[in-house]
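# Architecture and fold: a report
Below, each chain spelled out in residue letters.
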Amino acid sequence: MISEFPLFIFTTLGGLSAGLVMAMAAFPPAEKPARPWLAPLTALVLLGIGMLGVLFHLKRPALFLLALRNPTAGIAQEAYCGIVLGVLLLVLLIVCWRKGEAPKALVWVTAAVSLVMTFIMGFAYLANVGTAAWANWTTIPLFVVGDIAMGLALWAILSKDVLAKRPFTLANIVVLAVLAVVMLLTGLHFGSVGNDAMLIYAGLVVAGLGGIAVSVAAQKAPASWQAGALIACVLVGVCLSRYGFYAASII
Amino acid sequence: MTRYGMAIDLYRCIGCQACTTACKISNNLPKDISYNVVYTKTDHDWDGSFGTAVVKGALANDNAGGTFPNCILEFMPIQCQHCENPSCLRVCPTGATQKRDDGIVWVDPELCIGCGACIMACPYEGVRTLSEGDPEYYLDVVVGEYDAPKHMAGIVEKCTFCKNLIDRGEVPACMDLCPGRARYWGDLDDPNSEVSKAIEGRKYHKLREGAGTAPNVYYLLPPERS
Amino acid sequence: MEKQESMHSFSRRSFIKGAAALGAAGALAGCSAQGSNLAETGGPVPETKIFAGACRSQCANGCYVNVHVRDGQVVRTTAGKFDDGPEFNRICPKGLSLPARVYSSERLQYPMRRIGERGEGKFERISWDEAIKEITDKWKGYIEEYGPTSIAFFLGSGNTGTLGGPAPEGSIMARLLNVMGTSRVLPDRDIATPMSHTYMFGPGAHGHRAADTVNGDHFIIWAGDTAVSEKQRTHFFLEARDRGADLIVIDIAYRTMAGKADKFIPVHPATDGALALGIIHEVLEQGWEATEFLREFTEAPFLIKDDGKFLRMSDLGVAPTTTTDAQGKETTVDPWVVWDEDTQTAMPYTEATKPALGDVPDINGFHVRTEMDMIREAAEPWTLERASEVTGTSIEDIKYLAHLYTQEGNVMTDMKYGLNHYNNGMYTSKCINSLLLITGQMCFPGRGMYTGEGNFGEGNTQATISMPSASGEKPRGVGATLNWTDFCNIVQTGKKMGKDFPIKSFYAVCTNIVSNQTEQNETIKALKAIEFIVIQEMTMNDTSLYADILLPACHWFETSDLRVRYYGNPYLLWNEKAVEPLYESKPDADIYRLIADAMGYGDFFQFTDDEYLNVLLSTPWGKAHGVTIDKIREKNYLRCEVSGPVAHPNGEFYTPSKRASFYREDPKPDYMMGQELDIEKEKFTLFWEPAREADLDNPIREKYPFSVCCEHMRTRTHTQWYDVDYMKEFEKQPVCRINPEDAAELGIKEGDTIRLYNDRGSVTLLATINPGEQRKALHCPRSFLTREHIDGDLATTTFNDYNQACRNQSYFDCAVAIEKL
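Since the model is a prediction, treat every value here as computed from it, not as a measurement.

### So, helix H2 (residues 38-57) of chain A
- Taking 1.5 Å as the rise per residue, H2 of chain A with 20 residues should run 28 Å; its terminal C-alpha atoms sit 29 Å apart, in good agreement.
- Within the span of H2 of chain A, buried status applies to Ala-39, Pro-40, Thr-42, Ala-43, Leu-44, Leu-46, Leu-47, Gly-50, Met-51, Val-54 and His-57 of chain A.

Right, dumping it as structure tokens:
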């Protein structure tokens, strides 16, 4: 168990949540979904568990409210954004439950905040001049693009038949291709500062290559197994790369 | 404006551990916390690895490097660099890490929530310690100054520049008496201060300046050998 | 630790909780337990009192410390500051962690009596009255049946205070010994190198002072690492270098000062004497010897007859006269003869204007050679090739040293105890002394031995130990003086040199002989052969385990005392009492008085501490400068420089001839244990032979290929500070430093568990790879207790034999084999 496991949980689940909202906004369901509240609830629960992860990262969690005091700190920014996102997701959940569908404007605003969240998560690591592996520009797209990829994959499960749609699978392929390139560059950077990049390259293969293969198959001939295969590839792949990322922690 | 800094003469440091002990006792440090570590170093790449230390897991201090009889053996004391532009300051979510007007960077134990962000941000590994559990001590009695820093579980601790002593007109523990006469401190902005006079005319090195932290500890380099 | 728990019912933890139960003298008043930081209570700022302290473990330095006391507890120590000598301000990690010695869990708390086997560490608590009664009843019995010499006192050095310490320089224990007429056991430590100076230069100060270092152009640290074993003198060397002097280190391993040096010159263990001879050879070859120095200040022009005796005026038909010397003794005056080149006649050396160094004709029928002739003859075989072969030093480096010592200005030489700690230590040291004389690197500013600040004169020892009782009775005087190794044999055989010599009891104070003498198994055998052992100590160290009666001495800061014996700073220090003695511990001086009283010698101790100390301070110098205990207490320190900055100024030596000596016509061994003696070896100072086991050519090296240098530690003074866990952050456990190629050959990696062994003993410890080691040489720190080793003890591996004439423990002259476990 790496020392930064709670942070790993936070950025993975929180990132998954943010990515899901962005996927919701970019690829709204063609018809009214049977359970329109499911995706917002999923996003909210993922975010909630992720934020709990941060609490476990603190040695004095009872004082967590103090973490809001310094706006230049990545943790504080993640807290502010997380709270705003949480409130928006709650509103979205309630509206979906009551009205039966997600209003476009609300979804886009939530998606915008989600995108900001993914940037904040990545950007926070650039301040860590003590951890050469992390303080590099590649860290930002590693998180942002990874979160989007995870969100798209989860949306493929929650939104019926979205994987059958060409624009979706095309977007998937592009995002995963970009992610693969980012993972490669991250791995090379890690190697150049003396850190082990094995898990990052493993993630590249599973998420990038595996995910792209499933998406291409979906383009050619949509089938029910593909959504499950996609989320497995992307989630496992991103998790591998993130685990490898956090393992470079000097603590 | 006062700007406290240190100068450490790498030629004069003989690895005697007086400064580390002075700090340990004056601050009543628990077993697993060292604000100041004197490393044994076997090369002159001052920005590279700090070296080895028993307190950081090595078996022995002062093993030389190289091939007998052409060896290298140096000692490098490292503690918080009280940077001009501390990377720890920016990333502390609670504002526990603060920089005083006189330049001293310190951590308020009441505000620290133990997130470790400052440790990850600081390019000088090992100067900060995050306490896991309740502090354990070597002695059953309290030693050190009556206003030594507070020690408890879950907070980050590091060199305080003995601000408790400075504020009463006394001398930081590690600075009081170095047997090799390697350590200096004072106002870097005062050309007549001891630290400024120690630096004058000497070639020096500041650690890992590429990180952009602008450390306020001047490592005076050993003179060229004939 | 298991031993601790079985020992006494009073465990460490209960000292805090049960503090109130201890009773008046031992109560720990107002001690703050951890967890209560006073600053947070917001109350008034607690007062910190500063007391003057003297750190006096005999580390060969010894510091003036400020003892910070808060609410009756020692909380911190800092360096005391001399207002008339800031260059001597100093402290070290040991001095800075003294609070941990005061509150150590290893402190002896009350008198105890052994109930288990010797060395087991099983004791029962007894009262002070019981302890003193048992000791003195037994001693009175022994004195009656066997005489006072059946009781042996060991005057060690673990506490250099005068009242409390066991040191021989006028301590109250030394007086008790003298009053009772007991035997005195000599530690026989660190003898060779200092005695070599005394033999050749006479008794007196041999080293230049720090004040003179400004005059040195070159500084040579020979056979030791100042940064570890004398750290407080280090900055003087480094300051000299900063001023433009250069620093050269000659050593068997690359250690801290080598890292500061301009040049590091490697040498095989114990071959430094051969190196000196090689340098001398080159000096003579080049004609670089200091002719006028030799002629004027040394016995080089003295003439030796074929029978090995000096040519004297009586050989020229002039009858000797008599005179009384400074002590009032009658002595014969029969001056040495030299050949005066100016007048071409033989005459007393004091009258010659140009004593010849060679080419002296027969005088009055006697064929004679000068000592200088003998020097040339002795140096002849030591060609550069031979010297390099024996020492492992390159020919280039030998030539470099010859040039340095004669052609490049002022050289200050620091002769360290890496020269001393081998069986051939005396010969090695004499060869180097000879080098200094032959090159004229003595007696003048910047030219000499830089070894410290000399001494106050260690007080008027004679007066203190021999002053009569209150009723005018004279002390008996020391009953017998026994060399350590001899003592080990005597207690086991009951005989000294074939005559009965019963030893029934042994008394030692603050000196860990079990750990610190060589050949530990012999020490233990000796202790087991003694009927009644009394140990007085601060902690439960390895010697304490062998006590029959164990007496708890208080810590230095719990009593007041004067530190007279100093090294490297010319100050007498007054140690104030800062806190009350803990538990039932007592000041050592009080214990000596209790024993004296119960023995019936109370009349000899009817003086106050101050009265006693003023007698000690009444040396000629002390009297001339009004040195009294009150004067010292004005500032709690007093600067006393008995000698000037230059030792042997202008050629002033303190031998009978007043010149530096190369030759003794009738040398006597320092000790007699019935050993075989080839006295020829002791006559001429340019004699050298290899060490015993450290010699690479000794056949024993086939079986035991590695020599072990049992080195000092930065964080201990011998075994003192073993109980300070802070120090283990820097030196955690016994290790063996080994050269990487040697390690690779044996398949040893960093951290491997290895066993060092020879016929005498073995020790299991962890290997650490050190490229600073030369091949076939190991360094192991030598200050760990037996219980701190994985198995065995380093101290079992050394031998306790002496050189034939020099009574000296050879800590480094030890060969072992390595077994990887």
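### Notes on the sheet that holds strand S26 (residues 561-563) of chain C
Residue and element names in this part refer to chain C.
- Spatial strand order, S26-S27-S28: three strands in an open sheet with antiparallel pairing. Two strands lie at the open edges of the sheet, namely S26 and strand S28 (637-639), each paired on one side alone. Across the sheet, the axes of successive neighbouring strands diverge by a mean angle of 15 degrees, strand direction being ignored.
- Two elements, S26 and strand S27 (residues 571-575), share three bridges in a ladder whose sense is antiparallel. Across the sheet, the residue bridging to Asp-561 is Asn-575, located in S27.

### Here we look at the sheet that holds strand S1 (residues 48-55) of chain C
Residue and element names in this part refer to chain C.
- Reading across the sheet, the three strands line up as S1-S2-S3 and stay open at both edges, with antiparallel pairing between neighbours. Strands with a single pairing partner mark the edges of an open sheet, and in this sheet they are S1 and strand S3 (73-79). Averaged over all neighbouring strand pairs, the angle between strand axes comes to 30 degrees, with direction disregarded.
- The sheet contact formed by strand S2 (residues 63-70) and S3 spans six bridges and is antiparallel. Residue pairing across strands places Asn-66 opposite Thr-78, the latter belonging to S3.

### With respect to the UniProt feature "domain: 4Fe-4S Mo/W bis-MGD-type" (unreviewed entry) in chain C
- Under the UniProt annotation, the feature "domain: 4Fe-4S Mo/W bis-MGD-type" (unreviewed entry) is placed at residues 48-106 of chain C.
- Taken end to end, residues 48-106 of chain C has its terminal C-alpha atoms 26 Å apart, with 15% of it in helix and 39% in strand.

### Description of the interface of chain B and chain C
- Of the residues lining the interface, 49 residues belong to chain B; the matching set on chain C comes to 63 residues.
- Counting residues per element, the ones that place at least two in the side of chain B that touches chain C are helix H1 (18-26), strand S3 (65-67) and strand S4 (70-72) of chain B.
- Ranked by residues supplied to the side of chain B that touches chain C, first place goes to H1 of chain B with six residues.

Procedures and definitions
Counting restarts for each chain, with residues numbered from 1 along the sequence as it is written. Following the order in which they are written, the chains are lettered starting with A and the ligands numbered starting with 1. Local features in a predicted model are, by the rule used here, given only for residues with pLDDT of at least 70; side-chain atom pairs are given and counted only at 80 or more, and totals for whole chains, interfaces and linings are based on all residues. Numbering of helices and strands runs from the N terminus; a helix is a DSSP stretch of H or I covering at least four residues, while a strand is a stretch of E covering at least two. Every helix has an expected span of 1.5 Å times one less than the residues it contains. We call a residue exposed when 12 or fewer other C-beta atoms sit within 10 Å of its C-beta, buried when the count reaches 20 or more, and partly exposed for counts in between; the C-beta positions come from the backbone. Two strands are counted as paired when DSSP detects at least two bridges linking them. All axes here are fitted lines through C-alpha atoms, helices being fitted over the stretch that makes contact, and every angle between N-to-C directions spans 0 to 180 degrees. UniProt positions are given in the numbering used here, feature names are shortened, and annotations may be inferred rather than shown by experiment. In this description, a residue-residue contact is defined by the distance between C-beta atoms placed from the backbone, which must lie within 7 Å.

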